[in-house]
Amino acid sequence: MKKIKQWKLGLMMTVLMLMLPAGTGSAAAMLEEVPFPMDSSNQAGWWAPLATYGLGYEYAYMAYNAPGTIAGKHTVAIARRDNNGIWSKLPLMNGTAPAEYLDDLGHNQPSMARDGSGRFHVFASMHSNPWQYFRSDTVGGIPQNHSDELPQGMTVTYPVLATAPNGDLYLMARADKDPAGKREAVLFRWNNAESVWSQVKVIAAHLNRSVYPDDLVFDASGDLHILFEWAYFAASPLRHQLSYLKYSPSTGGFSKADGTPVSAPVSLTTADIVQPMAPSEAYIQSGSDPGGPGVQSAKMTLDTLGRPVIAYRYREEGATSFSVKQATYGTGGWVLQTVYNAAPTTAAIDVTWAGNAARIYYVKSSGSDRAFMAVNTGAGWTETSLAPGIPVERLAVDRSPKGIDILYLVDVTNLKLYYGRNE
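Residues numbered from 1 in each chain as written. Predicted model: local features only at pLDDT ≥ 70, side-chain atom pairs only at ≥ 80, totals over all residues. Heavy atoms only, no water.

(A) Summary view of the overall build of the chain. Helix and strand content of the chain: 1 helix and 35 strands. On C-alpha atoms alone, the chain measures out to a radius of gyration of 20 Å, which is about the 22 Å that the 2.2 N^0.38 rule sets for 423 residues. Considering only C-alpha atoms, the chain reaches an extent of 60 × 50 × 40 Å along its principal axes. The contacts of the chain with a sequence gap of at least 6 include a subset with a gap of at least 24, amounting to 53%. (Helix = DSSP H or I, 4+ residues; strand = E, 2+ residues; numbered from the N terminus. Rg over C-alpha atoms; globule rule 2.2 N^0.38 Å. Contact = heavy atoms within 4.5 Å.)

(B) Seen up close, the sheet that holds strand S29 (residues 345-354). The sheet built from 4 strands is open, its strands ordered S29-S30-S31-S32 with antiparallel pairing. A strand with exactly one partner marks an edge of an open sheet, and here the two such strands are S29 and strand S32 (381-385). Between one strand and the next, the sheet's axes are offset by a mean angle of 25°, whatever the strand orientation. Sheet topology places S29 next to strand S30 (residues 357-364); 7 bridges connect them, and they run antiparallel. Paired with Thr345 across the strands is Lys364, a residue of S30. (Pairing = 2+ DSSP bridges. Axes fitted to C-alpha atoms, helices over the stretch in contact; angles between N-to-C directions.)

(C) The nonpolar core, seen in detail. Residues Met62, Tyr64, Ile226 and Tyr408 are the most contacted members of the largest nonpolar core, which totals 50 residues. Take this core: its biggest share by element is 5 residues, from strand S20 (residues 224-232). With 19 residues, the next largest nonpolar core counts Tyr133, Met154, Leu169 and Trp190 among its residues. (Core = buried A, V, L, I, M, F, W, Y, C linked by side-chain atoms within 4.5 Å. Buried < 20%, exposed > 50% of the residue type's maximum accessible area, 1.4 Å probe, protein only.)

(D) Geometry of the side chain of Asp219. Structurally, Asp219 can be placed in the loop between strand S19 (209-218) and S20. Put simply, Asp219 is tucked away with no salt bridge, and the nearest opposite charge, on Lys246, sits 4.3 Å away. Only 2.9 Å separates the side chain of Asp219 from the backbone nitrogen of Asp223, close enough to count as a polar contact. There is a polar contact of 2.9 Å between the side chain of Asp219 and the side chain of His225. (Lys, Arg positive; Asp, Glu negative; His and termini not counted. Salt bridge = Lys/Arg side-chain N within 4 Å of Asp/Glu carboxyl O. Polar contact = N/O pair within 3.5 Å; in protein donor to acceptor, adjacent residues only side chain to side chain.)

(E) Fine view of the confidence of the model for the chain. Here the chain shows a mean pLDDT of 93. Residues at 70 or above account for 93%. Predicted confidence for residues 1-28 stays below pLDDT 50, and this span has 59 contacts to residues more than four positions away or in other chains. (pLDDT = per-residue confidence, 0-100.)

(F) Fine view of the layout of surface pockets. In this structure, the largest pocket occupies an estimated 1200 Å³ of space. The wall of the largest pocket is formed by 45 residues, among which Thr52, Thr163, Val217, Asp398 and Arg399 lie closest to the centre. Of all the elements in the fold, those that place two or more residues in the lining of the largest pocket are strand S3 (50-53), strand S10 (111-114), strand S15 (155-163), S19, strand S25 (294-302), S29 and strand S33 (394-399). Counting residues per element, the lining of the largest pocket draws most heavily on S29, at 5 residues. Gly106, His107, Tyr158, Pro237 and Arg239 are the residues nearest the centre of the second largest pocket, which is lined by 27 residues in total. Those elements that provide at least two residues to the lining of the second largest pocket are strand S12 (127-129), S19 and S25. (1 Å grid on protein atoms, 1.4 Å probe; cavity = no way out; pocket = protein on both sides within 12 Å on 5 of 7 lines; lining within 4 Å. Points joined across faces, edges and corners; volume = space filled by probe spheres on them.)

(G) Molecular detail of the sheet that holds strand S26 (residues 308-315). Strand order in this open sheet of 4 strands is S25-S26-S27-S28, and the pairing throughout is antiparallel. Strand pairing shows two members of the sheet lacking a second neighbour, S25 and strand S28 (333-340), which therefore form its edges. Taking each pair of neighbouring strands and ignoring which way they run, the sheet shows an average axis angle of 25°. When S26 meets strand S27 (residues 323-330), the two strands line up antiparallel, connected through 6 bridges.

(H) Spatial organisation of the environment of Tyr362. Its place among the elements puts Tyr362 in strand S30. Every residue in contact with Tyr362, bar those within four places of it in the chain, is listed here: Val324, Tyr340, Thr345, Ala348, Arg370, Ala371, Phe372, Ala374, Glu383 and Leu395. A polar atom in the side chain of Tyr362 sits 2.5 Å from the side chain of Glu383.

(I) Layout of the side chain of Ser255. Of note, Ser255 is situated in strand S22 (residues 253-255). In this view, Ser255 contacts Leu245, Lys246, Thr260, Pro261 and Val262; residues no more than four positions away in its chain are not counted.

(J) A look at the pattern of salt bridges. The tally for this structure, following the rule as stated, stands at 16 salt bridges. The shortest N-O distance in the salt bridge between Glu316 and Lys325 comes to 2.8 Å. The salt bridge involving Glu383 is made with Lys364; its shortest N-O contact spans 2.8 Å. With Glu383 in strand S32 and Lys364 in strand S30, the pair connects residues that are 19 residues apart, well separated along the chain. Residue classification places Glu383 among the partly exposed positions, given a relative accessible area of 31%.

See the structure below:
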């Protein structure tokens, strides 16, 4: 802690003041370099590595891959920024030893959340592996391995989680537990009052298809909004038929965006499809991008009325790169529009709702400026550079309880992680 304070007071951190255009609800944003080494494996498009807390106070928690003992391995930690801007590091531990795993880009990255009692929950480094789950046993404490407390009999990939208004946690992950050509999306619940995990239900499954989890978002009523994609079994980097589902914990019921009840697990014949298949679009099993139209990465927020607003990347027919798209739900169904398609982007996207407009965050594949935010001003989408001169490759964004967009920006080239505030 003394070294961190000296580092802060000595102004060794990077601080950037970025002017935002009128109409975004903010005058300036600030970036700080997180004062801990980052591993090159800290990059994913599906993850949920950022959590915020506090109204009177403000805390940010950034789960990330840190360097391992040898090349090709990483440890996992939480970088915590307190209300005074002081940083501390909370390593994930297997007893007295730091948890260490093999690098696996796009799979072995962490997702985290803070429950209603203040305990941290981190899921890390799983690519069709048994559970690798860590929880702090005391409020704000060092997370320890509690993998044996999750339902067993499956291997897991792509864990994303969210905190409910009552302090419970909900986790969605892709599970390998059915040998008959399915990789299903399964929903789990952490009962905060009883400190126990349980499986809620298999929520999406289809023969010869794999589900790719994207996001979980709670509304003020305690209902859970769910977002996921589909690929040909067993895997493909190009996915299709981005889908939405709503779950009500109070009733146990599932529904589409228009309120129509559906039974879980939904399939491709019953799911609420946000992005339909283009005429030439097809499911192809491939270890690399096979080309053609398809979806790759998506995130979700809710508007003032609690309706889903989705940001995602979709490669249109005839295109060679992915467009950044927005999907909203209206009386006529899903309304799709293009946010940005002037240059290639990477599989990094997020979205928040600020005032009366969506803020869509994305990363360009090249250029001196990579991380951008776009807002629809009424006359079209206007973009703003978030980190001039920094080669950001991945990002995550969380709208804090104080109504500030907290940014998680990854510079893989220089092995740096940045914290940002976009008010």
